[in-house]
Amino acid sequence: MPSITKSRIPHLFVSWPLVHYLMSAPRSPQKEQIHQRCKKICPNKDSKDTVSSVTSNNGKSRTELEQVPKIFFKPDFALEDPATFNTVLPWSHFNSTGGRKTRDWASSKLLQEKLSHYLDVVEVNIAQQISLRSEAFFHAMSSQHELQDQLRETQWAVSVLRRGTTAIDRVMCQGPLQALCTTLTRNNCVKLHNKLKLMATVHQTQPTVQLLLSTSEFVGALELISTTKEVLQQELQGITSFRHLGSQLCELEKLIDKMMEEDFSIYVRSDFSSSLKDEPHVLEKERLESLVFGLLRQKKLDFLCIYSDEMIVAAKALVTQCVAESVVNIEEIDTEVTNKLADQMRLMTFAQWFELLKKILENFLLFLQKIKATLNVIRNVVLKVLYSNQKNLVLDKYVAGLSVQETSVDPVLQGEAELAYLTHEGLFISDALSEAQQQDQSSALGCKILQGCVDTPGYTTTEMSVNKDQNLMYGVNVVPTELELNGVISNIQELLHTASDVSHDRCVKILTARAKDGSLDRLSSPEFVGLWHVVDAFVRDTEELCGRRSVSLRGVLQSQANRFVHRFHEERKNKLSLLLDNERWKQAEVPTEFQDLVNSIVDGQITLPERKTIGPDNRKPTEYLLVNGERYAVVGTVLLLIRIFLEYCQCVNDVPSIATDMLTRLSDLLKHFNSRSCQLVLGAGALQVLGLKTITTKNLALASRCLQLVVYYIPVIRAHFESKLHPKQCSVLRHLDHIKKDYNDHIAEISAKLIAIMDSVFEKALSKYEMKAPMPSSCLRNVCKQMAKMHEAINELLPEQQTQMLFLRINTTFKMHMKSQLARLGVINDGGPQHGLVVVDMAFYTDNIHALKNLELLDLNMAEIWEQKR
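Residues numbered from 1 in each chain as written. Predicted model: local features only at pLDDT ≥ 70, side-chain atom pairs only at ≥ 80, totals over all residues. Heavy atoms only, no water.

### What about the overall build of the chain?
Test applied: Secondary structure elements follow DSSP: runs of H or I no shorter than four residues count as helices, runs of E no shorter than two count as strands, and numbering proceeds from the N terminus. Only protein chains enter the area calculation, which uses a 1.4 Å probe; residues under 20% of their type maximum are buried, those over 50% are exposed, and those in between are partly exposed. Should any heavy atoms of two residues lie within 4.5 Å, those residues are counted as being in contact. Note on areas: Shrake-Rupley, 1.4 Å probe, and residue coverage restricted to the protein chains presented here.
Counting its secondary structure elements, the chain contains 28 helices and 2 strands. Taken across its 870 residues, the chain has 39% of its residues classed as buried. Long-range contacts, defined here as pairs at least 24 residues apart, represent 78% of the contacts in the chain between residues at least 6 apart. Accessible surface, the chain as shown: approximately 49600 Å² in total, 56% of it carbon and sulfur.

As structure tokens, then:
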């Protein structure tokens, strides 16, 4: 490749020295000389000729520059690339062999000239561009020189400031800073001393816990364990000597849980085994409160199950003990032969068994009172914990609100943080503040556990304060939630209900054991009433005490009452049937006892008078029964019926719960009396049963009067039962209204029977009536004779008004038959002889009727026997 020609050398020297000058250090005289020499070579661009020449040169150079191939201007131009190399130097066109050597040499020379030309064009353009911007470059260089001068001045000022700062540091800062470092070192020593004291205290945790457990101070021991574990996790974490203490404390805490449950079980057993004769009180109240606080703190909320199990065992033992104490005093019972409690109770007489039952019920009532007192103490402890829990939640929310509003840092903590920042490399103020807060918390925990150990001698007292237990529960957040505490309160109330149910179930077994052989079904009314009152009083007392209605005991008592009512009714119904079958329906004398029985019914209040056993009763029986001033002629059966239904009413007084059943049975009894008496009297059943020859008018009148007496008492009975029945049960009273109607119908049938008897007499006698002398006629004499007999039979049995009404109806029947006979005979009211004879007979009839007792003023109206003239 040929070398560069001399004509091109000046251009190269003009361009590259200039570039070198621009990139050199600040301007110096030597550099000024070089610049002046370069300006001589390159014309001044500010002259007009220069400007025009430059403009023309720019156009020319741009045209020449466009001749240069574009490949040379590419950013990635590199001859190392084979493609680029072959494009720039196409050597494939050159071949050094053969006869073409001379031609290839000429082509190579031409290519060299072309490339040299491209180089000259580029260099010329570069030199032109540099020359155009030379002033800007030199101005930049001069500015750099000024900047270097300013930097030297600044460097000198900084050196002076550093010397002053060093003097200030030596004179004013090193002494005070040393004092601050000494203070911080002292504070660190104090913290180290406190930490060592805390470690010493933690080291004494286990002996202190053992001391507390020896006095059953479970809450204090648990609080000490919890606080120690918290200190181990927050303040003493990583200390090798305490690496096993955490697990040991956990095991100790589990042991305390078992000890508390066992101690609570022992307490409950000792409480139930204590005497019930004394006034119910809580055994060792402080001990119970301490145990409950400890169990609540550990969330051992199933301790009530322990109490429930022990309560059931104690209830069984109570019955066993009472039976054993009673059997010891009964010589007829051999406990070696009869060892079962149920068999022993069945061998007792009712009086012995009844005394045993009263004793058991009394003990169960005391038993429930003791349980309620104990559960009240437990409930109060739970309520205190619940109240404290709620109060602490409110306090926490209040403190949290204050923390949110707090915007400034405690000056003491800030000072410590700044001190740490000044003396410890790598700490910021925020880090120092956090460290100071942690140190403050650790100090509080240390004070707490130290205080716990300082208070240790106080744990040796016999009883622990409940308030202290309550406060200790909140040392850490382990208390039960409000929902759990409310559940415990509900379980306490349910446990009281369970105690009531257990007591009732035990009593039910006592009753069923006695009733197994039917002995309770054979009780007399006073015995059953006494049993009812005792059991019912116990049920009401327990319901009031425990707030729960008994189901089992009331059910058994009601079932026994139903059996008693059935037997009571069957006995009296059979007795009444037997009396009716043997009743001859003759008037009976009324003993004074029955008269007193009737007199005891005052204003609807039915009470059986007490039987007088002191001294003989010299009063004689009366002929009539006086009821509210009215005489009643009665048979003996009705007197006993009155006593029977009074016994029904008295049972309802004694046992109100059987009122509905008893009313139904009494209604059945009254129906039975009505139907059976109708069969015997109106139906003439007494002729076959008793062998009576006939049912007389006196029998009929006496039966009617007896029925009237029963009808009188039906409203009294109704009013009595209405006062005993629940308003929803009063619908059964309609049975008595139906019975009263049946009785009145029966009475009306008897009256109709009496009239029918006289009707047959009139029909037979008046069918032969004739108007012949002598007068009065024999027919009228016979009729008057039968009327006198009827009056004689009923006058002393029926009241005056009823007798008059009956004879008015009989007289109406007589006038009907007489009118019919006169019409048949053709006798009219014409004043003739036959009319006169009839008038004589009617006058005789009227005189005879008026001559009868209580019938003197009876209006017979005999004119109705004549046909009215048309």
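### A few points about the nonpolar core
Test applied: Residues belong to a common nonpolar core when they are buried Ala, Val, Leu, Ile, Met, Phe, Trp, Tyr or Cys residues joined through side-chain atoms within 4.5 Å.
Membership of the largest hydrophobic core comes to 195 residues, with the highest contact counts inside it found for Trp 353, Phe 367, Val 838 and Tyr 845. With 20 residues, helix α13 (residues 350-405) is the largest single contributor of residues to this core. Not counting residues up to four positions away in its chain, the partners in contact with Phe 367 are Phe 272, Leu 276, Met 311, Ala 314, Ala 315, Leu 318 and Ser 503.

### What to know about the environment of Thr 208
In this structure, Thr 208 sits in helix α7 (residues 205-214). You can call Thr 208 buried: its relative accessible area is 9%.

### Regarding the pattern of salt bridges
Put simply, the rule reads: The salt bridge criterion pairs a side-chain nitrogen of Lys or Arg with a carboxyl oxygen of Asp or Glu, the two atoms within 4 Å.
Summed over the entire model, instances satisfying the criterion amount to 26 salt bridges. Here Arg 643 ties to Glu 593 by a salt bridge, and the two come within 3.9 Å at their closest N and O atoms. You can see Arg 643 sitting in helix α21 (residues 636-654) and its partner Glu 593 sitting in helix α20 (residues 592-599), a full 50 residues away along the chain. The shortest N-O distance in the salt bridge between Arg 718 and Asp 737 comes to 3.1 Å. Within this pair, whereas Arg 718 is found in helix α24 (residues 697-724), its partner Asp 737 is found in helix α25 (residues 734-766), the two being separated by 19 residues in sequence.

### Quick look at the packing of helix α11 (residues 303-328) against helix α17 (residues 482-515)
Note the cut-off: Axis definition: a line fitted to C-alpha atoms, over the contacting stretch in the case of helices. Angles run 0 to 180 degrees between N-to-C directions. Each angle gets one of four labels, with under 35 degrees taken as roughly parallel, over 145 as roughly antiparallel, 65 to 115 as roughly perpendicular, and the rest as oblique. Helix crossings are classified by the rotation of the near helix relative to the far one: an anticlockwise turn of less than a right angle makes the crossing left-handed, while a clockwise turn makes it right-handed. Residues are sorted three ways: Asp, Glu, Lys and Arg are charged, Ala, Val, Leu, Ile, Met, Phe, Trp, Tyr, Cys and Pro are nonpolar, and all the rest, Gly among them, are polar.
Look at α11 against α17: their axes get within 10 Å of each other, and the N-to-C directions meet at 20°. Judged by the inter-axis angle, α11 sits roughly parallel to α17. For the pair α11 and α17, the crossing hand works out as right-handed. Every residue of α17 that contacts α11 at Leu 304, Tyr 307, Ser 308, Met 311, Ile 312, Ala 315, Lys 316 and Val 319 is listed here: Val 488, Asn 491, Ile 492, Leu 495, Thr 498, Ala 499, Val 502, Arg 506 and Ile 510. Residues belonging to the contact of α11 with α17 are distributed by class as follows: 12 nonpolar, 3 polar and 2 charged.

### Thoughts on the packing of aromatic side chains
Formally: Under the pairing criterion, centres of Phe, Tyr and Trp rings, with the six-membered ring standing for Trp, must be within 6.5 Å; the plane angle then separates stacked pairs below 30 degrees from edge-to-face pairs above 60, leaving the rest tilted. Each ring is checked for a lysine NZ or an arginine CZ that lies within 6 Å of its centre and within 35 degrees of its normal; such an atom marks a charge sitting over the ring.
What the rule picks out here adds up to 17 aromatic pairs. With a centroid separation of 5.1 Å and an interplanar angle of 85°, the aromatic rings of Tyr 712 and Tyr 713 are classed as edge-to-face. Tyr 712 gets classed as partly exposed once you look at its relative accessible area, which sits at 32%. Classification of Tyr 713 by relative accessible area gives buried; the value is 3%. A network of ring pairs unites the aromatic residues Phe 528, Trp 532, Phe 564, Phe 568 and Tyr 648 as a single cluster. The ring centre of Tyr 624 lies 4.1 Å from the NZ or CZ of Arg 631, which sits over that ring. The residue whose ring lies beneath Arg 781 is Phe 844, and the NZ or CZ to ring-centre distance is 5.6 Å.

### Comments concerning the side chain of His 504
Topologically, His 504 is positioned in helix α17. Look at His 504 and you get buried, because its relative accessible area is 1%.

### Observations regarding a nonpolar patch on the surface
Note the cut-off: Patch membership needs two things, relative accessible area over 30% and no salt bridge, and members are linked within 9 Å if like-charged or within 5 Å if nonpolar (Val, Leu, Ile, Met, Phe, Trp, Tyr).
A cluster of nonpolar side chains, contributed by Ile 168, Val 171 and Met 172, occupies part of the molecular surface with about 330 Å² of accessible area. Among the structural elements, Met 172 can be located in helix α6 (residues 134-203). Given the relative accessible area of 56%, Met 172 is considered exposed.

### Topic: the side chain of His 817
Position of His 817 among the secondary structure elements: in helix α27 (residues 800-825). Other than its neighbours up to four places away in sequence, His 817 contacts Asp 759, Phe 762, Glu 763 and Leu 766.

### A few points about the environment of Gly 487
As for its placement among the helices and strands, Gly 487 is situated in helix α17. Here the alpha-carbon distance between Gly 487 and Leu 301, two residues 186 residues apart in the chain, equals 9.2 Å.

### Description of unusual backbone geometry
Negative phi is the rule for most residues except glycine; trans is the rule for most peptide bonds. The amide bond that connects Met 775 to the next residue, Pro 776, takes the cis arrangement and shows omega of -5°. Its place among the elements puts Pro 776 in the loop between α25 and α26 (778-794). Backbone geometry places Trp 585, a non-glycine residue, at a positive phi of 55°. Mapped onto the elements, Trp 585 comes out in the loop between α19 (552-581) and α20. For Asn 854, which is not glycine, the phi torsion reads 70° and is therefore positive.

### Comments concerning the packing of helix α22 (residues 659-680) against α24
Two numbers describe how α22 lies on α24: the axes approach to 11 Å, and their chain directions differ by 170°. For the element pair α22 / α24, the angle class is roughly antiparallel. In contact with Ala 659, Met 662, Leu 663, Leu 666, Leu 670, Phe 673, Asn 674 and Ser 677 of α22, α24 contributes Leu 707, Val 710, Ile 717, Phe 721 and Lys 724. Looking at the contact of α22 with α24 residue by residue, the classes come out as 10 nonpolar, 2 polar and 1 charged.

### Concerning α24
Just so we agree on the cut-off: Any helix carries an expected span of 1.5 Å times its number of residues minus one. Take the seven residues that end at a residue and the seven that start at it, fit an axis to each, and the angle between those axes is the bend at that residue.
The end-to-end C-alpha distance of α24 is 41 Å, a good match for the 40 Å that 28 residues give at a rise of 1.5 Å each. A maximum bend of about 25° is found in α24 at Tyr 713, where proline Pro 715 lies one to four positions downstream. Counting buried positions over the 28 residues of α24 gives 20, a clear majority of the element.

### A closer look at the confidence of the model for the chain
In plain terms, the rule: Known as pLDDT, the predictor's per-residue confidence is scaled from 0 to 100.
For the chain, the mean per-residue pLDDT works out to 79, and 79% of the residues sit at or above 70. This model gives residues 1-28 a pLDDT under 50, and the stretch forms 34 contacts once residues within four places in sequence are excluded.

### Quick look at α26
The end-to-end C-alpha distance of α26 is 25 Å, a good match for the 24 Å that 17 residues give at a rise of 1.5 Å each. Listing the buried residues of α26 in full gives Cys 779, Leu 780, Val 783, Cys 784, Met 787, Met 790, His 791, Ala 793 and Ile 794. Those residues of α26 hidden inside the fold are in contact with α24, α25, α27 and α28 (833-851).

### Comments concerning the environment of Leu 626
Note that Leu 626 resides in strand β1 (residues 625-627). Each C-alpha atom, one on Leu 626 and one on Gln 595, is 7.2 Å from the other, the two residues being 31 residues apart in sequence. In contact with Leu 626, not counting residues within four places along its chain, are Gln 595, Val 598, Asn 599 and Arg 631.

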